[in-house]
Amino acid sequence: MAIGKEVEHYLAEQRAFEGNGASGAPSWLKEMRSTAIDSFSRQGFPTIHDEDWRFTDILPLAKIPFTRYGKDRSPLNVARVGELVYRGSRNSVLVFVDGRFDPSLSDTSALPAGVVVRDLAAAILSQSELVRQNLNRNLPLQKHPFAALNSGFIDDGAFVHIPAKTHIEVPIELLFVSTAEVNRKNVSHPRNLILVDETASVTLLESYVSVGEGTHFTNAVTEVRVASEAAVDYVKISGESGGAYHVGTMEVHQASKSRFTGFSLALGGSISRNDFNITVDGEQCETMLDGLYVSSGDQLIDHHTFIDHKRPECSSREIFKGIVAGRSRTVFNGKILVRQEAQKTDSKQTNKNLLLSEKATVDTKPQLEIFADDVKCTHGATVGGLDGTSLFYVKSRGVGEEAAQGVLTAGFASEVTGFINDESLREHVDGLVLRKLRDEVIKVPLPDIVHSMVKPG
Amino acid sequence: MLEIVNLHANVGGKEILKGINLTVKAGEVHAIMGPNGSGKSTLAQVLAGHPSYEVTEGKVIYEAKDLLEMDPEVRAQEGVFLAFQYPVEIPGVSNSYFLKAGLNEIRKYRGLEPLDALEFLKLLKEKMKLVEMDASFINRPVNEGFSGGEKKRNEILQMAVLDPKLAILDETDSGLDIDALKIVANGVNKLRNPRNAVVVVTHYQRLLNHIVPDFVHVLVNGKIVKSGDKNLALELESNGYDSVKEEAESLA
């Protein structure tokens, strides 16, 4: 098959990357990158003829020959970046600018000794064996062209290792800032590796933001390994500017009796594709994967989730909600595989979409493949506008049409953001949602989101 | 204050109100009673402007204005309040924000300055005493997780805050035990004054022991078939609606 010029461009980029300065890497890494870029060249960019990309035309992104960020950039406004750090993680944050770790903006002083939170480039040298064993451990590159592309450029990102029985109270933030200068078309391939050992617990926040409005491409891969009886709370925020193309792939592997609670907040980007693949590979695990996407203008926001139940007696719950306005499009594809051995699996998936305009479109597709016979699996999806009776109730108290819509829309978001366990992180997420709603969707004053004192079961 | 003339309304293509005539003056309490399906709630919701109902004939004059021409929020701004039979839950939005938003819109309409957060909180706490609700309800999402009694009391709290001229209580007593009923009735009674009016829609007589009506109207099959004073309610309780139905049919 002839290699298209879009792919050839990235092969040439990778050769240049391998040739300059990346040559300090250990040979296992060079081999890994080489295998990966080969895999990408065989697959090429997906098109709408590929099942997993049926609703999401990635051609606008594929056509642009993005180049890696060079050294010639305007200096970053440090104060501005400081504002972007989640205030609960001021002393537990790694900051990356255009994919490059920036130690001057990072601060891990709140973290106890023994916990490793550092840039991947350093971990590749200092914890080589551990990194080598875990990178691409559970990620079938031949099915994920963007992960293969990312793997061809593995270089920097975050490395987090929480030792056994260690409980980290303060949330750790991995903040990725793109300078996104206009008239440049740059790409970064952040690579994150998170290892949480037996009976440990941690909350992580992975945020993507842009400072400028220029066109740029972020192709991120995050791998998380959750050992037996460990608990991980993970919030991913995709909040880049309107010029961004964002493709994020998260792979999670759970061992027995572990808990993974993930939350995806997708607000930004021109095209944003967020994959969450969770392999439930032990008994009695709990998996929660929830999310909220708010789209406006001409945005396309796509979530593809995959939960692979391999072992018995596990439970999973997915609740994704979307607020879709303007001429935007959203996609939710939730695949659940319950293998034959996974008896007594209890799995629930819900996708609710609020359409706020006539031109907005929603594609929602549950995919359930169930091979065990003693299981409980339910799924449901709704797409609709605001409820007439609820609108009437608000208006009957004197509130006008637009403000009434705003009130109900803010309330719609609250159900799902309520699943974020850390209260202050939940407020941070609520704040970002409200800001987007107010600036781009329903341009009226909105209530602060309050969460029930009594959580539903 | 309110004049309903030959009001016909339908929902889902089916005619429910078949010619209602009713006059309510300031300072009065009117009770609308009737068997299930007679159109009591329909009447209440049509007056408040529920979008599911279509008025096919007749008019409603409120304070010399055409009520049916007004959007629901305008009716509220003009001083019409409906206490819902099934109050709606609004997850994620606090009781206090909800009420402050409504109140300030109504104040704006009336040419009054909006209340700021502190002033509003003071007002809210004062009104909460009327319906014996404690401070925890201030920040809870509207009606979410509230018991039936709490939802109905919350409706009366809203009424107390918004200070309407015409309050319509749609089966406010349904699902309430006697203690909750008394609290609700007490709240309503304390809000009465010579400038406002209340229309109480109810199936059972017992609420009317506590909110004593000046006039009682019996609604059967979309029409008011009999009107009287509070004794009519007691009569209905002993003899049931059938006796009134028969009487109405014999006169037709």
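Here is a short report on the structure shown in this document.

1. Quick word on the packing of helix 3 (residues 95–109) of chain B against helix 5 (residues 148–162) of chain B
Packed helices, taken two at a time, are described by the angle between their axes plus the distance between the axes. Residues and elements named next belong to chain B. The geometry of helix 3 relative to helix 5 is characterised by a closest axis approach of 10 Å and an angle of 35° between their N-to-C directions. Between helix 3 and helix 5 lies a crossing of right-handed hand. On helix 5, the residues touching Leu99, Gly102, Leu103 and Ile106 of helix 3 are Gln158, Val161 and Leu162.

2. Here's the deal with the sheet that holds strand 5 (residues 65–66) of chain B
All names here are of chain B. Read across the sheet, 4 strands follow the order 2-1-4-5 without closing on themselves; strand pairing throughout is antiparallel. What marks the edges here is a single partner per strand, and that holds for strand 2 (14–24) and strand 5. Bridge count for strand 4 (residues 53–62) against strand 5 is 2 bridges, and the pairing is antiparallel. Opposite Ile61, over in strand 5, you have Asp66 as the bridge partner.

3. Description of the interface of chain A and chain B
In this complex, chain A contributes 25 residues to the contact, which on the side of chain B involves 29 residues. Mapped onto the side of chain A that touches chain B, the elements with two or more residues apiece are helix 8 (388–395) and helix 9 (401–417) of chain A. The leading source of residues in the side of chain A that touches chain B is helix 9 of chain A, at 8 residues. Class assignment of the residues belonging to the side of chain A that touches chain B gives a composition of 13 nonpolar, 9 polar and 3 charged.

4. Observations concerning unusual backbone geometry
Residues and elements named next belong to chain A. Notably, Lys257 is not glycine yet its phi reads approximately 55°, a positive angle. Along the chain, the position of Lys257 falls in the loop between strand 12 (244–254) and strand 13 (259–266). Residue class for Lys257 comes out partly exposed when judged on the 19 C-beta atoms lying within 10 Å of it. Even without glycine at this site, Glu313 takes up a positive phi of about 65°. Structurally, Glu313 is set in the loop between strand 16 (300–309) and strand 17 (315–324).

5. A few points about helix 3 of chain B
Residues and elements named next belong to chain B. A rise of 1.5 Å per residue sets the reference length of helix 3, with its 15 residues, at 21 Å; its end C-alpha atoms lie 21 Å apart and thus fit the reference within 8%. Turning to helix 3, its buried residues are Asn95, Ser96, Tyr97, Phe98, Leu99, Lys100, Ala101, Gly102, Leu103, Glu105 and Ile106. Backbone geometry just downstream of helix 3 places Gly111 in the positive-phi region, at approximately 75°.

6. Looking at the pairing of strand 3 (residues 29–33) of chain B
Residue and element names in this part refer to chain B. Among the 5 residues in strand 3, 5 count as buried, and that is most of the element. Of the two faces of strand 3, the one holding Val29, Ala31 and Met33 and the one holding His30 and Ile32 are both buried throughout. The pairing of strand 3 with strand 10 (residues 197–202) spans 5 bridges and is classified as parallel. Bridge assignment links His30 to a residue of strand 10, and that residue is Val199. Sheet topology note: the strand 3/strand 11 (residues 215–220) ladder contains 4 bridges and is parallel. Along strand 11, the bridge assignment pairs Ala31 with Val216.

7. Describing helix 2 (residues 27–43) of chain A
Since the α-helix turns once every 3.6 residues, residues separated by three or four places project in the same direction. Residues and elements named next belong to chain A. When the terminal C-alpha atoms of helix 2 are compared, their 24 Å separation across 17 residues agrees well with the 24 Å that a helix rising 1.5 Å per residue should span. By the burial criterion, the buried members of helix 2 are Arg33, Ala36, Ile37, Ser39, Phe40 and Ser41. Buried residues belonging to helix 2 abut helix 1 (5–19) and helix 7 (145–151). Positioned one or two residues after helix 2, Gly44 has a phi angle of 70°, which is positive.

8. Brief notes about the nonpolar core
Among the nonpolar cores identified, the biggest contains 183 residues, and A:Val196 and B:Ile168 are the most heavily contacted of them. Here this core gets 8 residues from one element, more than from any other, and that element is helix 9 of chain A. Taken domain by domain, the makeup of this core includes at least three residues from each of domain 1 (5–281) and domain 2 (389–457) of chain A. Excluding its chain neighbours within four sequence positions, the residues that come into contact with A:Val196 are A:Ile162, A:Val202, A:Arg225, A:Val226, A:Ala227, A:Ala230 and A:Val232. One finds A:Ile37, A:Leu141, A:Phe146 and A:Ala147 within the second-largest nonpolar core, a separate group that totals 14 residues.

Rules and cut-offs
Residues numbered from 1 in each chain as written. Chains lettered and ligands numbered in written order. Predicted model: local features only at pLDDT ≥ 70, side-chain atom pairs only at ≥ 80, totals over all residues. Axes fitted to C-alpha atoms, helices over the stretch in contact; angles between N-to-C directions. Helix = DSSP H or I, 4+ residues; strand = E, 2+ residues; numbered from the N terminus. Left-handed = near helix turned anticlockwise from the far one by under 90°. Contact = placed C-beta atoms within 7 Å. Pairing = 2+ DSSP bridges. Nonpolar A, V, L, I, M, F, W, Y, C, P; charged D, E, K, R; others polar. Buried ≥ 20, exposed ≤ 12 C-beta atoms within 10 Å, placed from the backbone. Expected span 1.5 Å × (residues − 1). Core = buried A, V, L, I, M, F, W, Y, C linked by C-beta atoms within 7 Å. Domains from an automatic or database assignment.

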